[in-house]
Amino acid sequence: MSLGKRGPNERQEPIWIEAASLATPVGHPFYEHLNRLLDKRGFDAFAENACLSFYAKVGRPGLAPGVYFRALMVGYFEGIDSERGIAWRTADSLALRSFLGFEVSQATPDHSTISRTRRLIDVETHRKVFLWVLRMLAEEGLLKGNTVAIDGTTLEANAALRSIVRRDTGEAYEEFLKGLAKESGIETPTREQLARLDRKRNKKGSNDDWKNPHDPDAQITKLKDGRTHLAHKAEHAVDLETGAVLAVTLQPATAGDTNTLPETLAQCGEHIRKVAVETGNEAGTERLNPDGPAELVLDKGYHSSDVLVILKEAEVRSYCSEPDRGRRNWMGKEEEKAAVYRNRRRIRGARGKRLLRQRGERVERSFAHMYETGALRRTYLRHHDNIIKRLVIHASAFNLGLVMRKLSTCGTPRGLQGRIRGFFSRLHALFYVLGSIATAELRRFVVHPVNPADRFRVTSPDVSYELSILKINCATGC
């Protein structure tokens, strides 16, 4: 019998597979607990009712809203940046199949189905899901809404600087440089000459003159790592008492903090008022302030006389870090002077210093979870309408993690792995401590020679007895 070989295309697919022989999906403990929580709260019925107007009564059934929102939450919990990656991961994992409600024999949604569903459902419906999660936080006692901190961060856009064009003529950047070279007397410039010419120009990356044709909402800005790139600005409003994200807005990357603050603060107050109205008469829930936040904590980028006056008129107590601007002239600015001095007195107190430390902890933690481990520091979507949808569901998943942490002591699937590893580490440390105590107790015994030929007397502060030993080698000097 000769050696059998299998060709590259000779794999025979089975015609019929017995259902009992299929692998049983094994759910992840975290996702199983999260699914039970969502089912108990009626999440699928809420999502289908909120998205009812976006689906037609005829045609092929589309992706269920509950499955769609769960798929976007998987992007946060698993740290997946793109919808294509979410589709691949859900098709590959039995635990995620079980979380989405798919059997092994069923096909999970591909990336085009997820993208089409995202384009179909508007931003307001995504915000309704965010408010639904906020209401759950209020019912679990994880939403206070009295002291709020606001801060922003930059997100790298899915667009390249090399593809920017002039706003007025639509001319590409390289063509523009060649035109400048010809005006300077260089008919056929090389790449080195173009780079040298571009290096000497001032204000060469102005957003007033240039745009990206594929993503007009992205703007040229300098990121925190020093690189110049097209980017967006995300701004968070965070409850300082619980760490919950109360509002998420998406702004132009070059917009100043003092210009973007009113929109984020207004949206935060609106969310608190809606949740307060919905949960005001329910037993077991803490009464929220329907007027919105009473205290606002900001960093020095938001410090402005106009901002402090607006907050004073809105009866919001400000704790804003003040940059060193030197001596100021307050001639004819009594109202601004009073607002600035009151804020300065508050931030120098013990409570003000504590709130500013909490701001750096709680707000930056939401950035780390959503954009670093949540893998949204670079967005693979274009236009603000598409990006804000993923940001809102990411923030909803972050808030769900707070509820899960309260109910099961871990807020992410990877956190559960850390809990198990930590349990065994503590168990090992416990055995080590017990062994050390036993060794110390044994060392308390003192050995006294009775007869070097045949026995020893062993005594301790607690025990005194004789231990007979025959034929002892006394070469040790005992």
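Summarised in this report is the structure supplied together with it. Just so it is clear, the structure is predicted and the values come from calculations on it, not from any experiment. (Residues numbered from 1 in each chain as written. Predicted model: local features only at pLDDT ≥ 70, side-chain atom pairs only at ≥ 80, totals over all residues. Heavy atoms only, no water.)

Okay, the pairing of strand β5 (residues 228-239) next. Summarising burial for β5: 11 of the 12 residues are buried, a large majority. Where strand β1 (residues 147-156) and β5 come together, 9 bridges link them in antiparallel fashion. The residue of β5 that forms the bridge with Leu 155 is His 232. Of the strand pairs in this sheet, strand β4 (residues 219-222) and β5 are connected by 4 bridges, and their pairing is antiparallel. Each residue of the ladder has a partner; that of Thr 221, found in β5, is His 229. In this antiparallel pair of consecutive strands, β4 and β5, the connection spans 5 residues, and Gly 226 shows a positive phi of 95°. Of the pairings in the sheet, the one linking β5 to strand β6 (residues 245-252) comprises 7 bridges and is antiparallel in character. Bridge pairing in β6 links Val 238 to Val 245. Once β5 ends, the chain turns through 5 residues before running back antiparallel as β6, passing Gly 243 with a positive phi of about 85°. (Buried < 20%, exposed > 50% of the residue type's maximum accessible area, 1.4 Å probe, protein only. Helix = DSSP H or I, 4+ residues; strand = E, 2+ residues; numbered from the N terminus. Pairing = 2+ DSSP bridges.)

On the surface, a cluster of positive charge is made up of Arg 196, Arg 199, Lys 200 and Lys 204. Overall, Lys 204 belongs to the partly exposed group, its relative accessible area being 32%. (Patch = residues over 30% accessible without salt bridge, like charges linked within 9 Å, V, L, I, M, F, W, Y side chains within 5 Å. Areas by Shrake-Rupley, 256 points an atom, 1.4 Å probe, with all protein chains shown as cover. Salt bridge = Lys/Arg side-chain N within 4 Å of Asp/Glu carboxyl O. Lys, Arg positive; Asp, Glu negative; His and termini not counted. Charge placed at Lys NZ, Arg CZ, Asp CG, Glu CD.)

The subject of this paragraph is the pattern of salt bridges. Summed over all chains, the structure comprises 20 salt bridges. Across the pair Glu 78 and Arg 89 runs a salt bridge whose closest N-O atoms are separated by 3.6 Å. One end of the pair, Glu 78, is in helix α3 (residues 65-78); the other, Arg 89, is in helix α4 (residues 83-92), and 11 residues separate them in sequence. Judged by relative accessible area, Glu 78 falls into the partly exposed class, the value being 23%.

Mapping Leu 120 onto the fold places it in helix α6 (residues 111-120). Considered as a pair, Leu 120 and Tyr 55 are 65 residues apart in the sequence and their alpha carbons are 8.7 Å apart. The residues touching Leu 120, leaving out its near neighbours within four places in the chain, are Phe 54 and Tyr 55. (Contact = heavy atoms within 4.5 Å.)

A complete count under the given rule lists 13 aromatic pairs for this structure. On the numbers, 5.1 Å between centres and 55° between planes, the contact of Phe 43 with Trp 132 is tilted. Of this pair, Phe 43 sits in helix α2 (residues 43-50) while Trp 132 sits in helix α7 (residues 123-139); the two residues are 89 residues apart in sequence, bridging distant segments of the chain. Taken as a pair, Phe 43 and Trp 132 share a single burial class, namely buried. Taken together, the ring pairs connect Phe 30, Tyr 31, Tyr 76, Phe 77 and Phe 99 into an aromatic cluster. (Phe/Tyr/Trp six-rings, centres within 6.5 Å; stacked < 30°, edge-to-face > 60°.)

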